[in-house]
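As a plain string of letters, each chain reads:
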Amino acid sequence: APSLAPEGAYLVTGGLGGVLQQVARWLVARGARRLVLTSRRGLAAASQQQLDFVAELQAAGAAVEVAAVDVCDKEAMRGVLGAAAPVAGIVHGAGVMTMETLRTLGRDGLAATLAPKVAGSLNLHALSSELGLALDFFVMFSSISAVWGSNQLAHYSAANGFCDALAAHRRSLGLTALSVDWGLLAEGGMSAHEDAKFAAAMGLRPLSVPEYTAALGSLIAADAAHKI
């Protein structure tokens, strides 16, 4: 796994969520000392567990900013990234997942699922160039549902498929990019929604926290572009 630059800031969108909390801990363990975590509601609506999590990172020596911002708001994100300069790495994990068929989802539900993955990813992609960010990595959290589909998650599959395509596009431009199609994760992610018996019947098990953070580090160090 790579060692991180203590002078650089690392952005984690959706950073108060369970899976992304583990990523933030991993970043600090690898040497990050400046974290910017985004959350649409910020600390004003944070749970005690989330407040304790931020305090834990600070006690470990990291300066932590929790920005109450929607990654889909390009100008708001411009302000966050500009204030955090120099930004050394981005992990885009913000997303919305609801179990529902397209027949009943409706336009609003579809737009809500697509927005953070499509508009959010595009905003980060555009801003990283517009602000001249010298990124060591640009990671997007995708899902195995983008590869094999999932009952009642066609909208989520499409949103994650966009992240996979954007990673390929960034690489074609000579820019760093990694889209990871995660399977079941032990804390949050699809594991909170998938039928455990169905997954077990297919021979699948959730990745533990050490397994998926180790995998993330290995993929970044190996300069991978898209991994399932």
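Bear in mind that the values here come from a model prediction, so they are computed numbers and not experimental data.

## Focus on the environment of Asp 136
Moving on, step 1. Position of Asp 136 relative to the elements: it lies in the loop between helix H4 (102–130) and strand S5 (137–143).
Moving on, step 2. Sequence separation between Asp 136 and Asp 223 is 87 residues, and the spatial gap between their C-alpha atoms is 9.8 Å.
Moving on, step 3. Once residues lying within four places of it in the same chain are set aside, the contact partners of Asp 136 are Tyr 10, Ala 88 and Thr 176.

## Considering the pattern of salt bridges
Moving on, step 1. In total, this model carries 6 salt bridges according to the counting rule given.
Moving on, step 2. Between Arg 25 and Glu 56 there is a salt bridge whose closest N-O contact spans 2.8 Å. Of this pair, Arg 25 sits in helix H1 (residues 18–29) while Glu 56 sits in helix H2 (residues 48–59), placing them 31 residues apart in sequence.
Moving on, step 3. Relative accessible area serves as the criterion here: at 37%, Glu 56 is assigned to the partly exposed category.
Moving on, step 4. The shortest N-O distance in the salt bridge between Glu 130 and Lys 74 comes to 3.0 Å. Taken together, the positions of Glu 130 in helix H4 and Lys 74 in helix H3 (residues 74–84) put the pair 56 residues apart, joining distant regions of the chain.
Moving on, step 5. On the basis of relative accessible area, Lys 74 is assigned to the partly exposed category, the value being 26%.
Moving on, step 6. Bridged by salt links that share partners, the residues Lys 74, Glu 75, Arg 78 and Glu 130 form one connected network.

## Details of the nonpolar core
Moving on, step 1. Residues Leu 27, Leu 35, Leu 37, Phe 141 and Leu 216 are the most contacted members of the largest nonpolar core, which totals 35 residues.
Moving on, step 2. Sort the elements by how many residues they give to this core and H1 lands first, with 7 residues.
Moving on, step 3. Sequence-distant contacts of Leu 27, defined by excluding residues within four places in its chain, comprise Leu 4, Tyr 10, Val 12, Ala 32, Leu 35 and Phe 137.
Moving on, step 4. Val 36, Met 77, Ala 94 and Leu 135 belong to the second largest nonpolar core, which has 23 residues in total.

## Focus: the packing of H3 against H4
In a packed pair of helices, the relevant descriptors are the angle between the two axes and the axis-to-axis distance.
Moving on, step 1. The interhelical angle for the contact between H3 and H4, taken along N-to-C directions, is 50 degrees, at an axis separation of 10 Å. Comparing the axis directions of H3 and H4 gives the class oblique. With respect to the hand of their crossing, H3 and H4 are arranged in right-handed fashion. Counting all contacts with H3, which are made through Lys 74, Met 77, Arg 78 and Leu 81, the residues of H4 involved are Asn 123, Leu 124, Ala 126, Leu 127 and Glu 130.
Moving on, step 2. When the residues that make up the contact of H3 with H4 are grouped by side-chain class, the tally is 5 nonpolar, 1 polar and 3 charged.

What counts, and at which threshold
Residues numbered from 1 in each chain as written. Predicted model: local features only at pLDDT ≥ 70, side-chain atom pairs only at ≥ 80, totals over all residues. Heavy atoms only, no water. Helix = DSSP H or I, 4+ residues; strand = E, 2+ residues; numbered from the N terminus. Contact = heavy atoms within 4.5 Å. Salt bridge = Lys/Arg side-chain N within 4 Å of Asp/Glu carboxyl O. Buried < 20%, exposed > 50% of the residue type's maximum accessible area, 1.4 Å probe, protein only. Core = buried A, V, L, I, M, F, W, Y, C linked by side-chain atoms within 4.5 Å. Axes fitted to C-alpha atoms, helices over the stretch in contact; angles between N-to-C directions. Parallel < 35°, antiparallel > 145°, perpendicular 65-115°, else oblique. Left-handed = near helix turned anticlockwise from the far one by under 90°. Nonpolar A, V, L, I, M, F, W, Y, C, P; charged D, E, K, R; others polar.

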